[in-house]
Amino acid sequence: VCGKNTLKLRCPICSECKNKLLAERHPSVARSRYMSRIISCRSYAGIIKKCIRALKYDQNLHMIKVFRELIAEFTTDQRKLLPHALDLIIPVPIHRSRRRKRGFNQAEKIANALSDVMNVPVSRNSLIKTRNTPAQTSLSGEKRRQNPEGAFSVANPSLLHGKRIMLLDDVITTGATLNSCARELATSGVRTVTGFTLARVF
């Protein structure tokens, strides 16, 4: 991230960057119509932004070690922000064509880290992206809000009925993607949806 790290290091970022990342404050809790709360570990800037981009665009899977440590510290220090009980963690899906190109879904990797920390199972196939939308980073304003509409569906609603869900993504910008996913979950009869992201733009 800062240029000091090498492939020989056990941690993909230097100790100075890691300590700085862990010391940063988290943004305030947000809410939406379909999510009781949206919790983000950090604001999308500086070190966390570089780490997320390294995972998504450089396929640096070692960054998951950093995210797991951040999540572990966050969930310990900010326990009051988290729901008292959860049944499933559901990562925001990506379209199959994008998954083939990238090789993985970064939200799934982060969801696995959260699952390890919170001891809550991950459901990878409950939510499906049915339409290959343009990347949100390529859009602005109203187009970002409209882009994910109707792009997601629940595979088997009966399996989610009454469940308490943690909906996870790497970054929240306008909230349009998370909200579209949460709406599909809500209409499928889930009990509650809590949003969780590593970072938040707004």
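Residues numbered from 1 in each chain as written. Predicted model: local features only at pLDDT ≥ 70, side-chain atom pairs only at ≥ 80, totals over all residues. Heavy atoms only, no water.

Turning our attention to the overall build of the chain. Counting secondary structure elements, the chain contains 8 helices and 6 strands. Counting from the amino terminus, helix and strand elements in the chain follow one another as α-β-α-α-β-α-α-β-α-β-α-β-α-β. Looking at the chain residue by residue over its 202 residues, the buried ones come to 46%. The contacts in the chain between residues at least 6 apart in sequence include a share of 75% that link residues at least 24 apart. Accessible surface, the chain as shown: approximately 10500 Å² in total, 47% of it carbon and sulfur. (Helix = DSSP H or I, 4+ residues; strand = E, 2+ residues; numbered from the N terminus. Buried < 20%, exposed > 50% of the residue type's maximum accessible area, 1.4 Å probe, protein only. Contact = heavy atoms within 4.5 Å. Areas by Shrake-Rupley, 256 points an atom, 1.4 Å probe, with all protein chains shown as cover.)

What follows covers the confidence of the model for the chain. With 88% of its residues at a pLDDT of 70 or more, the chain has an overall mean of 89. For the chain, helix α6 (residues 142-146) is the element with the lowest average pLDDT, namely 58, and strand β2 (residues 88-91) is the one with the highest, namely 98. (pLDDT = per-residue confidence, 0-100.)

With 38 residues, the main nonpolar core has Met63, Phe67, Ile89, Ile110, Leu168 and Phe196 as its most contacted residues. If you list the elements that add at least two residues to this core, you get α1 (15-23), β1 (37-43), α2 (46-58), α3 (63-77), α5 (106-118), β5 (164-172) and β6 (192-200). In this structure, Leu88, Leu127, Ile165 and Val190 belong to the second largest nonpolar core, which totals 20 residues. (Core = buried A, V, L, I, M, F, W, Y, C linked by side-chain atoms within 4.5 Å.)

So, about the sheet that holds β1. The strand order across the open sheet formed by 4 strands is β1-β6-β5-β2, and the pairing between neighbours is parallel. Edge positions in the sheet fall to β1 and β2, since each has one partner strand and no second. Each strand of the sheet is rotated relative to its neighbour by a mean of 25°, with strand direction disregarded. Pairing analysis gives 4 bridges linking β2 to β5, with the strands arranged parallel. In the strand pairing of β5, Leu88 is matched with Ile165. Along the sheet, helix α8 (residues 176-187) makes contact with β1, β2, β5 and β6, crossing β5 at roughly 165°. (Pairing = 2+ DSSP bridges. Axes fitted to C-alpha atoms, helices over the stretch in contact; angles between N-to-C directions.)

What the rule picks out here adds up to 6 salt bridges. With a closest N to O distance of 3.4 Å, Arg68 and Asp116 form a salt bridge. Residue Arg68 is located in helix α3, and its partner Asp116 is located in helix α5; the two are separated by 48 residues in the primary sequence. Judged by relative accessible area, which is 32%, Arg68 ranks as partly exposed. Arg164 is paired through a salt bridge with Asp87; the nearest N and O atoms lie 3.1 Å apart. One end of the pair, Arg164, is in strand β5; the other, Asp87, is in the loop between α3 and β2, with 77 residues separating them in the sequence. Given a relative accessible area of 23%, Asp87 falls into the partly exposed group. (Salt bridge = Lys/Arg side-chain N within 4 Å of Asp/Glu carboxyl O.)

You can see Met118 is positioned in helix α5. You can call Met118 partly exposed: its relative accessible area is 22%. Excluding residues within four positions of it along the chain, Met118 makes contact with Thr75, Leu82, Leu86 and Met166.

Before going further, it helps to examine the packing of α3 against α5. In a packed pair of helices, the relevant descriptors are the angle between the two axes and the axis-to-axis distance. Interhelical geometry of α3 versus α5 gives an angle of 40° and a closest axis separation of 9 Å. The angle between α3 and α5 falls in the class oblique. In the packing of α3 onto α5, the handedness of the crossing is right-handed. Along the contact surface, α3 presents Ile64, Phe67, Arg68, Ile71, Ala72 and Thr75, while α5 presents Lys109, Ile110, Ala113, Leu114, Asp116, Val117 and Met118. Residues of the contact of α3 with α5, tallied by class, amount to 9 nonpolar, 1 polar and 3 charged. (Parallel < 35°, antiparallel > 145°, perpendicular 65-115°, else oblique. Left-handed = near helix turned anticlockwise from the far one by under 90°. Nonpolar A, V, L, I, M, F, W, Y, C, P; charged D, E, K, R; others polar.)

Attention now goes to the pairing of β5. Counting buried residues along β5, 8 of its 9 residues qualify, which places the element largely inside the surrounding structure. Crossover handedness for the path β5 to α8 to β6: right-handed. (Right-handed = clockwise from strand over helix to strand, strands pointing away.)

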